[in-house]
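An overview of the molecular structure
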Amino acid sequence: MSGGKVDIKVVLLGKAYAGKTSLVERYIHNRFLGETVPYQNTIGAAFGAKTVTVNNKNVIIGIWDTAGSERYEAMSKIYYRGAKAAVVCYDLTEKASFDRARFWIGELQKHEEGCRIYLCGTKYDIVEENPALRSVDEKEAKALALDVRGEVYVTSSKTGKDIEKIFINIASDYMASKAAAAQKEDDEEIVKLRRSSKKSNCPACKS
């Protein structure tokens, strides 16, 4: 798929096998390939887009699913450049993937300060069925999300749990920040007009 015009550029980051591609497949195509299709590593990045409606306005979300392999890290920087939001994924059953999520958060904070971070624990269906398989502590995940002023979600691409919620919230947050920026611009313009009006009515200023 190739990228067209989008309102929000969203990038998915995380370790290989963290469930990024499955998450996108569930969200855009509402399907879970699971074990029916042999797993293939994403090379570079794959793109998908979907339109959501927020406050009666359509918002087009462009999603870049980046490769998780370390050899593609340099390439991933190309895809998260200019992103408004990042979904940083980690596998709830693999502690190493959570540690890798910390790396990607650090990269975003260093290179894309304006990118809002959404932390996403994947494969919840596995730990729901067998809690002993959970390797990432919920409190630790929430603490990390708090550190980056973000949110943490627990998802399942198999069942669809909370995947729609992530992207609706991304769109809502984007619209809210856009409205706030427009309001700030209007307020600044009003201040300028008031200053200009005071200056034009000031006798001393005219002399």
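Source: prediction; values computed, not measured.

So, on to the nonpolar core. Val 10, Ile 61, Phe 167 and Ile 170 are the most contacted members of the largest nonpolar core, which totals 26 residues. Among the secondary structure elements, those contributing two or more residues to this core are β1 (8-14), α1 (20-29), β2 (45-54), β3 (57-66), β4 (85-91), β5 (116-122) and α6 (163-200). By residue number, the principal contributor to this core is α6, which donates seven residues. Apart from the residues lying within four places of it in its own chain, the contact partners of Ile 170 are Ile 8, Val 10, Ala 85, Val 87 and Tyr 118. Tyr 80, Leu 92, Leu 144 and Ala 145 belong to the second-largest nonpolar core, a separate cluster that totals 22 residues.

Glancing now at the pattern of salt bridges. Counting across every chain of the model gives ten salt bridges. One salt bridge in this structure joins Glu 94 and Lys 15, with 3.0 Å as the shortest N-O distance. Of the two residues, Glu 94 is situated in the loop between β4 and α3 (95-111) and Lys 15 in the loop between β1 and α1; the sequence distance between them amounts to 79 residues. Salt bridges linked by common partners bring Lys 95, Asp 99, Arg 102 and Glu 140 together as one network.

Glancing now at the packing of aromatic side chains. Evaluation of the coordinates by the stated rule reveals six aromatic pairs. Geometrically, the ring pair formed by Tyr 27 and Phe 167 is stacked, given 4.1 Å between the ring centres and 20 degrees between the ring planes. On the criterion of sequence distance, the pair formed by Tyr 27 in helix α1 and Phe 167 in helix α6 is long-range, its members being 140 residues apart. Judged by its relative accessible area of 2%, Tyr 27 falls in the buried class. Overall, the relative accessible area of 0% leaves Phe 167 in the buried class. Ring centres of Tyr 80 and Trp 104 lie 6.4 Å apart, and the angle between their planes is 80 degrees; this geometry places the pair in the edge-to-face category. Of this pair, Tyr 80 sits in helix α2 (residues 73-80) while Trp 104 sits in helix α3, and the two are 24 residues apart along the sequence. Of the two residues, Tyr 80 and Trp 104, neither departs from the other in class, the shared state being buried. One aromatic cluster in this structure is built from Tyr 80, Phe 103 and Trp 104. Stacked on the ring of Tyr 27, the Lys or Arg Lys 50 has its end atom at 4.3 Å from the ring centre. The ring of Tyr 124 is capped by Lys 161, whose NZ or CZ atom sits 5.2 Å from the centre of that ring.

How each quantity is defined
Residues numbered from 1 in each chain as written. Predicted model: local features only at pLDDT ≥ 70, side-chain atom pairs only at ≥ 80, totals over all residues. Heavy atoms only, no water. Core = buried A, V, L, I, M, F, W, Y, C linked by side-chain atoms within 4.5 Å. Buried < 20%, exposed > 50% of the residue type's maximum accessible area, 1.4 Å probe, protein only. Helix = DSSP H or I, 4+ residues; strand = E, 2+ residues; numbered from the N terminus. Contact = heavy atoms within 4.5 Å. Salt bridge = Lys/Arg side-chain N within 4 Å of Asp/Glu carboxyl O. Phe/Tyr/Trp six-rings, centres within 6.5 Å; stacked < 30°, edge-to-face > 60°. Lys NZ or Arg CZ within 6 Å of the ring centre and 35° of its normal.

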